[in-house]
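# Notes for the structure review
In case you want the letters, here they are:
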Amino acid sequence: MLSPLTTGISVGLGATAGLGLVAGGYAYAALWPASQLFGPMLLAPARPGELALTFDDGPNPAWTPRLLEILARREVRATFFLVGSRAQAEPALVRQIVAAGHLIGNHSWSHRNLALAPASRIQEELSRASQTLEQIAQIAGEPIRFFRPPFGARRPETLRAAIRLGMIPVLWNAMTSDWKNPSADAIAQRLMRKIDRLYRLGQAANIVLHDGSHSDPAADRAPSIAAAAQLIARYQPTHQFVTLDAWS
Ligand SMILES: [Zn+2]
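In what follows, the accompanying structure is described. Bear in mind that the values here come from a model prediction, so they are computed numbers and not experimental data.

## Describing the coordination of the zinc ion
- The zinc ion binds to the protein through D57 (OD), H107 (NE2) and H111 (NE2), with metal-donor distances spanning 2.1 Å.
- Counting along the primary sequence, the residues that act as donors to the zinc ion give the motif D-x49-H-x3-H. Taken as a pair, D57 in strand β1 (residues 50–58) and H111 in the loop between β3 (103–106) and α7 (119–137) lie far apart in primary sequence, 54 residues in all. The burial state of D57 is the same as that of H111; both residues are buried.

This is the structure in structure tokens:
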């Protein structure tokens, strides 16, 4: 378990810094060894050709079912980082995601920016989300194992809380601002450039898209869903789609 994590951190952070994938406020963090400041985090291992599609901010009754249809048709499994409060509002949809063979992870209870929250609030945000997801999904004896911090805010206390709850903090190494609603083609093309570059660097790709929105439940996620379909069409013949549990 430590080996892919360690690989992901050392090579992944180097790659993200070099590729400029770490945005603005986080750039300073990439200059520091992750193990010292933040503890273990999963980006992606040195397994070129493996792709993890991850979807954040759902479940979303408008868009998640359409995404599930596409994934089912192409027989691709993905990882969904669910917001606990949204999961509580859409339990049937959470069960549908799990029943289809996808992996679910914790994306906090309310999608609050935990970088600014007191430690007690962080603990509550994470544990409430995990308990809710485990209760709804009724995955027998299987706790939620992966946590992605909202906004990627990697405060040490947030990561410590996740680890205390038995979860592995997960970031990403392939993202574009799909939430700003550019076209599906633009999202897919930007991600393909990143995925192809990671492949050349000998890295798997941990890809973020959004099937929900933390700020606007009515947000149009059609471009993100269509971009996911394009990625699957492009890479399914040559690459392998995995869920994050394949890496730890
Ligand atoms: Zn999010």
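That shown, we press on.
## Some words on the packing of helix α9 (residues 184–200) against helix α10 (residues 222–235)
- Relative to each other, α9 and α10 sit at 45 degrees, their axes nearing to 8 Å. Considering the angle they form, α9 stands oblique to α10. Crossing of α9 against α10: the hand is right-handed. Residue-level contacts link A184, D185, I187, A188, L191, M192, I195 and D196 of α9 to P223, S224, A226, A227, Q230, L231, R234 and Y235 of α10.
- Its residues placed into classes, the contact of α9 with α10 shows eleven nonpolar, two polar and three charged.

## So, the pattern of salt bridges
- Taken as a whole, this structure holds six salt bridges when the rule is applied.
- Here E50 makes a salt bridge to R47, at a shortest N to O gap of 3.5 Å.
- Among the ionic pairs, R160 bridges to E157, the shortest N-O distance being 3.4 Å. Remark: E157 and R160 occur in helix α8 (residues 156–164); sequence separation between them is three residues, near one turn of the helix.
- Taking the relative accessible area as the measure of exposure, E157 reaches 13% and is therefore buried.
- Overlapping salt bridges bring together E157, R160 and R164 as one network.

Parameters at a glance
- Residues numbered from 1 in each chain as written.
- Predicted model: local features only at pLDDT ≥ 70, side-chain atom pairs only at ≥ 80, totals over all residues.
- Heavy atoms only, no water.
- Donors = N, O, S within 2.8 Å, 3.2 Å for Na, K, Ca; no water.
- Helix = DSSP H or I, 4+ residues; strand = E, 2+ residues; numbered from the N terminus.
- Buried < 20%, exposed > 50% of the residue type's maximum accessible area, 1.4 Å probe, protein only.
- Axes fitted to C-alpha atoms, helices over the stretch in contact; angles between N-to-C directions.
- Parallel < 35°, antiparallel > 145°, perpendicular 65-115°, else oblique.
- Left-handed = near helix turned anticlockwise from the far one by under 90°.
- Contact = heavy atoms within 4.5 Å.
- Nonpolar A, V, L, I, M, F, W, Y, C, P; charged D, E, K, R; others polar.
- Salt bridge = Lys/Arg side-chain N within 4 Å of Asp/Glu carboxyl O.

Everything listed is a geometric property; what it means functionally is a separate question.
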